Amino acid sequence: MMNDRPWQDLLAESVTSADELCRRFPVARKTVLPVIDQYPMRINPYFLSLIREPGDPLWRQAIPDPAELEDTLPEADPLAEEAQSPVPGLIHRYPDRVVFLVSSQCALFCRHCMRKRKVGQPYAINRSTIDAGVAYIRETPAIRDVILSGGDPLLLLDDHLVRDVLEPLRAIPHVEILRIHTRVPCTLPQRITEALAQRLKSFTPLYVNIQFNHPAEITPAAARACARLADAGIPLGCQTVLLKGVNDSPVVMKRLMQKLLTIRVRPYYIHQGDLVKGTGHFRTSLHKGLEIMSALRGHTSGMCVPQYMIDLPGGGGKIPLLPEYVVEKRHNEWYIQTFDKKIVVYPVSDEVLHRFFY
Ligand SMILES: *Cc1c(COP(=O)(O)O)cnc(C)c1O
Ligand code: SF4
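A brief structural summary. (Residues numbered from 1 in each chain as written. Chains lettered and ligands numbered in written order. Predicted model: local features only at pLDDT ≥ 70, side-chain atom pairs only at ≥ 80, totals over all residues. Heavy atoms only, no water.)

**Examining the site of ligand 2**
All residues in the neighbourhood of ligand 2 are listed as C106, L108, F109, C110, C113, V119, G151, R183 and Q211. Class assignment of the residues belonging to the shell around ligand 2 gives a composition of 6 nonpolar, 2 polar and 1 charged. (Near = heavy atom within 4 Å. Nonpolar A, V, L, I, M, F, W, Y, C, P; charged D, E, K, R; others polar.)

**Regarding helix α3 (residues 29-38)**
All buried positions along α3 are accounted for by V32, V35 and I36. Down the axis of α3, the buried side of the element spans an arc of 90°, and every buried residue falls inside it. More than 90 degrees from the buried face of α3, the exposed residues found are K30 and D37. Buried residues along α3 sit in contact with α2 (18-24) and α6 (67-70). (Buried < 20%, exposed > 50% of the residue type's maximum accessible area, 1.4 Å probe, protein only. Helix = DSSP H or I, 4+ residues; strand = E, 2+ residues; numbered from the N terminus. Arc of directions from axis to C-beta. Contact = heavy atoms within 4.5 Å.)

**Concerning the pattern of salt bridges**
Tallied over the full model, the rule gives 25 salt bridges. For the salt bridge of R117 with D77, the shortest nitrogen-to-oxygen distance reads 3.4 Å. You can see R117 sitting in the loop between β2 (97-101) and α7 (127-138) and its partner D77 sitting in the loop between α6 and β1 (90-94), a full 40 residues away along the chain. Residue class for R117 comes out partly exposed when judged on its relative accessible area of 23%. For R199, the salt bridge identified is with D159, shortest N-O distance 2.7 Å. Highlighted residues: R199 in helix α10 (residues 194-201) and D159 in helix α8 (residues 158-170), separated in sequence by 40 residues. Here the residues in one salt-bridge network are D77, E82, R117 and K118, joined through shared partners. (Salt bridge = Lys/Arg side-chain N within 4 Å of Asp/Glu carboxyl O.)

**Some thoughts on a nonpolar patch on the surface**
Side chains of W334, Y346 and V348 sit close together on the surface and give an oily, nonpolar patch of about 290 Å² of accessible area. Positionally, W334 belongs in strand β11 (residues 333-337). (Patch = residues over 30% accessible without salt bridge, like charges linked within 9 Å, V, L, I, M, F, W, Y side chains within 5 Å. Areas by Shrake-Rupley, 256 points an atom, 1.4 Å probe, with all protein chains shown as cover.)

**Describing the nonpolar core**
Ranked by internal contacts, the top residues of the largest apolar core, which has 89 residues, are F100, I137, V146, L169 and F212. With 6 residues, helix α11 (residues 220-231) is the largest single contributor of residues to this core. (Core = buried A, V, L, I, M, F, W, Y, C linked by side-chain atoms within 4.5 Å.)

**Things to note about α11**
The end-to-end C-alpha distance of α11, which contains 12 residues, comes to 16 Å, matching closely the 16 Å that a straight helix rising 1.5 Å per residue would cover. Every buried residue of α11 is listed here: A221, A222, A225, C226, L229 and A230. Lining the buried residues of α11 we find α4 (45-50), α9 (184-187), α10, β5 (206-210), β6 (236-241) and β7 (265-271). (Expected span 1.5 Å × (residues − 1).)

Listed below in structure tokens is the structure:
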């Protein structure tokens, strides 16, 4: 049984070469080779076991696609992360919080990754960039929230994560909040061992935000991983990426959000796909995102309605987009649309307020 095996063994059995991939799936070696030459492939046996057929939503996230090389976008770093990095691997864009890249490894190299130019390159992040990041945070009192990202922070071994990252950060008085951004509860849930959950518990307040993109990813193994973290008192959130051919449908997205709540994961953001080279075949229109948001609000529990975020090019930051609920603003009253598309008049001046009730 896969669930009884150490996660390191599962990871070591990942499909990483064109030959192995061609043995398992009907794909041509010559179309895969140039893609993985540019952007590495890693599909661990757990995630592989969830793929049902070529082209399905899990396949699309994992199997290299020649479209990755046909993307004509010029920019490698559209969100200007490098320009906003005071030290390599640390992005300081907002006043009180930073993204701190502590690993370039992942349990699955997602084909839609916003940092696909960086993942899988071991030299980009190392002990000295981690130490420099911790030192920057220590010397910058404005930082009260540190978001560990990568790559996947939970690909670090427990000891390394605890001793070199979490303990030094927790020792900094102005760091109030720690967050871990990870995909492993979804892509390799065996990584969430009881030992890891117990060690993370001592760094409270620590939040874990996970990227689940499709209801089929919410398996019994993923549910167990999330239960371990939740039982250790760690609040769980989800940051879903809106992806064409994966979840760009109101029905699929609503089911995903509902199922997340059943495993105690609170939907936090749905991200519009970033303008990252090599991911164009996943990009949807902004209208599609807004259509999905209207299909959630009111139609299912507010607890599982996240915000739809667009990360502006050039480092402008994340901004929420909302469907237009206010259809007209008049001097005395606003015309507001309900979730089921009726118009309700809302009085906005004292004059009409009285007329309204008497
Ligand atoms: C997304 C992001 C954050 C965190 O944003 P929140 O809205 O607080 O979740 C912080 N810094 C950078 C550079 C980011 O991209
Ligand atoms: S796990 Fe995250 S960082 Fe790693 S490839 Fe997937 S999206 Fe990118």
